[in-house]
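Examining the three-dimensional arrangement
Residue strings, one per chain:
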Amino acid sequence: MDKKKAVQQSYELVRDKILNGQLLSGEKITEEKLATDLGFSRTPIRDAIKRLEYEGLIINKKVVKPTDKDLRNIFQVRMLLEGYSARCAATYSSAEQLATLAECVEIGKNGSYDEIMDANERFHQIIVQTSGNDRLIDTINRMQSIIYLFRKTVVFYNRPFLIEEHEDIYNAIRDRLPERAEELMKQHLEKDLDFCLHLINSQN
């Protein structure tokens, strides 16, 4: 396995252990133990831990578990930044980007779980990229682990109207309606947040 793939797999495994509660809030993270448990050498584990520190799930080698307030705060930032990005997308998207967004919507309607997860991620990524704002993109990247938790929840539990909302956002972007695209994106993320909080709290 090449190094890049090993780091990505290590990152996904450690991230999932944190997000599904196998690694508890406050638990100390040790490279040696994770490397042994997951069957990787220490180098990719070390790189995975650095990435999770960057994303805020590990601080001072300990697991952080986001609270409801943390999640709400993260989504408020996403609504502002991704709403603005959707406005930019309606103004600046290329024909190629529009075609990829349309493809993501279609996969969302008919794809497998993994395909829908991937299409959902690409849909949001493309819109964020069209902002052309490196600081904005970096801020969203720092939230990727938490965003993944929400994406997994809304796809796995088939949140109602998820794909229809993507289609509405795409249509507003395609039709060059910046204000509508921004408002639809904000509403979409607010519904994601409400759905996830309800589910997470009902399972506690």
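See above for the structure.
Read on for a plain summary of the structure.

Cut-off values and rules
Residues numbered from 1 in each chain as written. Predicted model: local features only at pLDDT ≥ 70, side-chain atom pairs only at ≥ 80, totals over all residues. Heavy atoms only, no water. Helix = DSSP H or I, 4+ residues; strand = E, 2+ residues; numbered from the N terminus. Rg over C-alpha atoms; globule rule 2.2 N^0.38 Å. Buried < 20%, exposed > 50% of the residue type's maximum accessible area, 1.4 Å probe, protein only. Areas by Shrake-Rupley, 256 points an atom, 1.4 Å probe, with all protein chains shown as cover. Lys, Arg positive; Asp, Glu negative; His and termini not counted. Charge placed at Lys NZ, Arg CZ, Asp CG, Glu CD. Contact = heavy atoms within 4.5 Å. Expected span 1.5 Å × (residues − 1). Arc of directions from axis to C-beta. Phe/Tyr/Trp six-rings, centres within 6.5 Å; stacked < 30°, edge-to-face > 60°. Lys NZ or Arg CZ within 6 Å of the ring centre and 35° of its normal.

1. Notes on the overall build of the protein
Helix and strand counts for the protein stand at 10 helices and two strands. Seen in sequence order, the protein has helices and strands lined up from the N terminus as α-α-α-β-β-α-α-α-α-α-α-α. Against the compact-globule benchmark of 17 Å for 204 residues, the protein has a radius of gyration of 18 Å, which places it among compact chains. Seen through its principal axes, the protein has C-alpha atoms that stretch 55 × 40 × 35 Å. The buried share among the 204 residues of the protein stands at 45%. Entry remark: accessible area of the protein is about 11,000 Å², with carbon and sulfur atoms responsible for 50%. One finds the centroid of the 30 positive side-chain charges in the protein at a distance of 6 Å from the centroid of its 33 negative side-chain charges.

2. What to know about the side chain of Glu-31
With respect to the helices and strands, Glu-31 occurs in helix 2 (residues 31-38). Overall, the relative accessible area of 14% leaves Glu-31 in the buried class. Sequence-distant contacts of Glu-31, defined by excluding residues within four places in its chain, comprise Arg-42, Ile-45, Arg-46 and Ile-49.

3. Observations concerning helix 5 (residues 95-110)
Look at helix 5: 23 Å from first C-alpha to last across 16 residues, which is about the 22 Å you get at 1.5 Å a residue. Within helix 5, burial applies to Leu-98, Thr-100, Leu-101, Cys-104, Val-105 and Gly-108. All buried residues of helix 5 fall inside an arc of 165° around its axis, so they share one side. With respect to the buried face of helix 5, the exposed residues turned more than 90 degrees away are Ala-95, Glu-96 and Asn-110. At its buried positions, helix 5 is contacted by helix 6 (113-129) and helix 9 (162-174).

4. Digging into helix 1 (residues 3-19)
For helix 1, with 17 residues, the first-to-last C-alpha span of 24 Å sits near the 24 Å given by 1.5 Å per residue. Looking at helix 1, one finds that the buried residues are Ala-6, Val-7, Ser-10, Tyr-11, Val-14, Arg-15, Ile-18 and Leu-19. Structurally, helix 1 contributes buried residues whose contacts are with helix 2, helix 3 (42-54), strand 1 (58-59), strand 2 (62-63) and helix 8 (144-156). Positive phi appears at Gly-21, one or two residues downstream of helix 1, with a value of about 85°.

5. A short note on the packing of aromatic side chains
The tally for this structure, following the rule as stated, stands at three aromatic pairs. On the numbers, 5.0 Å between centres and 85° between planes, the contact of Phe-156 with Tyr-157 is edge-to-face. When its relative accessible area of 51% is taken as the criterion, Phe-156 is described as exposed. Tyr-157 sits in the partly exposed class, given a relative accessible area of 37%. Three or more aromatic residues link up through ring pairs in this structure, and these residues are Tyr-113, Phe-156 and Tyr-157. One Lys or Arg, Arg-15, reaches over the ring of Tyr-148 and ends 3.4 Å from the middle of that ring. We note Arg-51 situated over the ring of Tyr-11; from NZ or CZ to the ring centre the distance is 3.6 Å.

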